[in-house]
Amino acid sequence: MISDEILSVVADIGQLYLKSGFTGDDCPRYCTFSKCTESFQFGDEFLGVKPNQNIYDVLLPFNPELYEKCVDSIYKAIQPQPKGMETQPKELSLLLANNFQTKADLQKVVERIFENLSIPNFFTVRNPVLSTFSAGRSSALVLDIGAYQSQAAAVHEGYTLIKQTVTAPIGGEQLNELLAPHVPASLLVGKDPTSLFKQNNQLRDIKEALIGFDGQGAVTKYDLQDGNSIQLSTSDTIEIAEKLFQHKDNFKGIDHMLIDVVNSSLADLKSSLCGSVLVTGGSSAIPGLMNKLNNKLQPLAPSLCKIKLIQYPSTQNRQHSVFIGGSILASLSSFQSMWIGKGEYQEQGLSCLDRNVCFICYLKFYQSHRYSYQIYTQFIILSQSFSQDIQKQ
């Protein structure tokens, strides 16, 4: 579908949080938990519900019905429903971050988006690619430290090298569990799903306040709401954070995940990947992590390859990199022809998803014009001149 301007929603539905907003936003407008109750109350809504209600994850395991409800809740949250209307037409297109485990999962979502939600246009791009765009680049080695797992992926000219991608079942939520022995037993009462979820939220807040590398945690004392406090020694905070690097079973540490991706890539890509390392995800904000990772990677890098970690302008940019990359991409006037319209879906069926191949060709054509990728805030401005070049041709 080709249009001069298409208003769109950008959504990143992760393992723990969902983040969404409009095209051009520099941070999400709606951010909450990607979990719901039996009555489809999403995010913060179910924190006040009665105990003993089951809490379901949208992605773990993948549930297409919950995913549809989740997308619908995003539209209602950022585009309030007019009074007197039971249903609201979805006039905004959807750019969705693709973190699905299988193509079949994506196909199920596309069917529901077009047939049940009546969204006019849709497109999806993999998370590592969007994170790369958020840093103003087209190629990078991306490490995403998520809630329940970490992923290392190579992105080359806007394409994720799937066969080289490495995942491990280690993330921020595993670090929360290690804090449990250090907190008062009064915080860990209640075994029903709602109580357990609230307890884990409390542990997450404590982790974000105390945990760090080399004594770089923000504080060593955390004040509880009941007037008590928790205090951890520097050795305790470092020991918990070190779990991201410790060898256990088949997991060799997040540093070895990145090196494994580099070593499995083509020889002529290794140097460029090592020189553009992006670290994203909520747990990437742990104080001292970047220095620790850099020191670990330097001796592991292949010969003649120099490790360079790309710094984001702020911690917020690092944590919301997938959303920011999607917001930038959907703002490009030259991207508007890439949308998959509902009419196209009705005519071609799920084969319309093969448009991702065209998207890669588009990126390579964009790169051939040699525009600067160095400052992502200039990305949208540069796209205007690119659109003019296309029209001249």
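Treat the numbers as computed from the prediction; the structure is a model and nothing was measured.

Definitions and limits used
- Residues numbered from 1 in each chain as written.
- Predicted model: local features only at pLDDT ≥ 70, side-chain atom pairs only at ≥ 80, totals over all residues.
- Heavy atoms only, no water.
- Helix = DSSP H or I, 4+ residues; strand = E, 2+ residues; numbered from the N terminus.
- Buried < 20%, exposed > 50% of the residue type's maximum accessible area, 1.4 Å probe, protein only.
- Contact = heavy atoms within 4.5 Å.
- Pairing = 2+ DSSP bridges.
- Core = buried A, V, L, I, M, F, W, Y, C linked by side-chain atoms within 4.5 Å.
- Salt bridge = Lys/Arg side-chain N within 4 Å of Asp/Glu carboxyl O.
- Right-handed = clockwise from strand over helix to strand, strands pointing away.
- Axes fitted to C-alpha atoms, helices over the stretch in contact; angles between N-to-C directions.
- Parallel < 35°, antiparallel > 145°, perpendicular 65-115°, else oblique.
- Left-handed = near helix turned anticlockwise from the far one by under 90°.
- Nonpolar A, V, L, I, M, F, W, Y, C, P; charged D, E, K, R; others polar.

> Can you explain the side chain of Ser 276? Please cite residues and give values.
You can see Ser 276 is positioned in the loop between α8 (267-274) and β14 (277-280). Residue Ser 276 is classed as buried on the basis of its relative accessible area, which comes to 9%. Not counting the four nearest positions on each side in its chain, Ser 276 is found in contact with Arg 137, Ser 139, Ala 140, Leu 141, Lys 308 and Ile 310.

> Describe the sheet that holds strand β6 (residues 93-98), with residues and values.
The sheet built from 6 strands is open, its strands ordered β3-β2-β1-β6-β7-β15 with mixed pairing. Looking at which strands have only one partner, the edges of the open sheet turn out to be β3 (30-33) and β15 (340-341). Sheet topology places β6 next to strand β7 (residues 121-126); 5 bridges connect them, and they run parallel. Bridging from a neighbouring strand, Leu 96 pairs with Thr 124 of β7.

> Tell me what's going on with the pairing of strand β9 (residues 150-156), and back it up with residues and numbers.
Working note: regular strand, side chains alternate between the two faces of the sheet. Burial runs high along β9: 5 of the 7 residues are buried. Between strand β8 (residues 140-145) and β9, which pair antiparallel and follow one another directly, the connecting turn spans 4 residues. Summarising the sheet, β9 and strand β11 (residues 166-168) pair through 3 bridges and their orientation is antiparallel. In the sheet register, Gln 151 faces β11, and the bridge partner there is Thr 167. Where β9 and strand β10 (residues 159-160) come together, 2 bridges link them in antiparallel fashion. Paired with Val 155 across the bridge in β10 is Thr 160. Adjacent in sequence and paired antiparallel, β9 and β10 are bridged by 2 residues, among which Glu 157 carries a positive phi angle near 50°.

> Mind laying out unusual backbone geometry, listing which residues take part and the relevant values?
We note that Ser 118 has phi near 55°; this positive angle belongs to a residue other than glycine. Assignment of secondary structure puts Ser 118 in the loop between α2 (103-115) and β7. Classification of Ser 118 by relative accessible area gives partly exposed; the value is 37%.

> Quick one: what's the story with the nonpolar core, residue by residue and with numbers?
Within the largest apolar cluster, 58 residues are counted, with the highest numbers of intra-cluster contacts made by Ile 13, Tyr 67, Leu 94, Leu 96 and Phe 122. By residue number, the principal contributor to this core is helix α1 (residues 64-78), which donates 7 residues. Setting aside chain neighbours within four positions, we find Phe 122 in contact with Leu 94, Leu 96, Leu 106, Val 110, Ile 113, Phe 114, Trp 339, Ile 340 and Leu 353. Leu 175, Ala 209, Leu 293 and Ala 301 belong to the second-largest nonpolar core, a separate cluster that totals 46 residues.

> Please set out the pattern of salt bridges residue by residue, giving values where relevant.
Scanning all chains against the criterion turns up 7 salt bridges. With a shortest N-O distance of 3.5 Å, Asp 260 and Lys 252 are connected by a salt bridge. Since its relative accessible area comes to 35%, Lys 252 is described here as partly exposed.

> Tell me about the pairing of β7, and please be specific about residues and values.
Among the 6 residues in β7, 5 count as buried, and that is most of the element. A crossover links β6 with its parallel partner β7, the connecting element being α2, and its sense is right-handed. When β7 meets β15, the two strands line up antiparallel, connected through 2 bridges. Residue pairing for β15: Asn 121 is matched across the bridge by Gly 341.

> With reference to specific residues and values, describe the packing of helix α7 (residues 254-264) against helix α9 (residues 289-297).
Relative to each other, α7 and α9 sit at 50°, their axes nearing to 9 Å. Relative to α9, the element α7 lies oblique. Here the hand of the crossing between α7 and α9 comes out right-handed. Together, Ile 254, Asp 255, Leu 258 and Ile 259 of α7 and Leu 289, Leu 293, Lys 296 and Leu 297 of α9 make up the contact between the two elements. Residues belonging to the contact of α7 with α9 are distributed by class as follows: 6 nonpolar, no polar and 2 charged.

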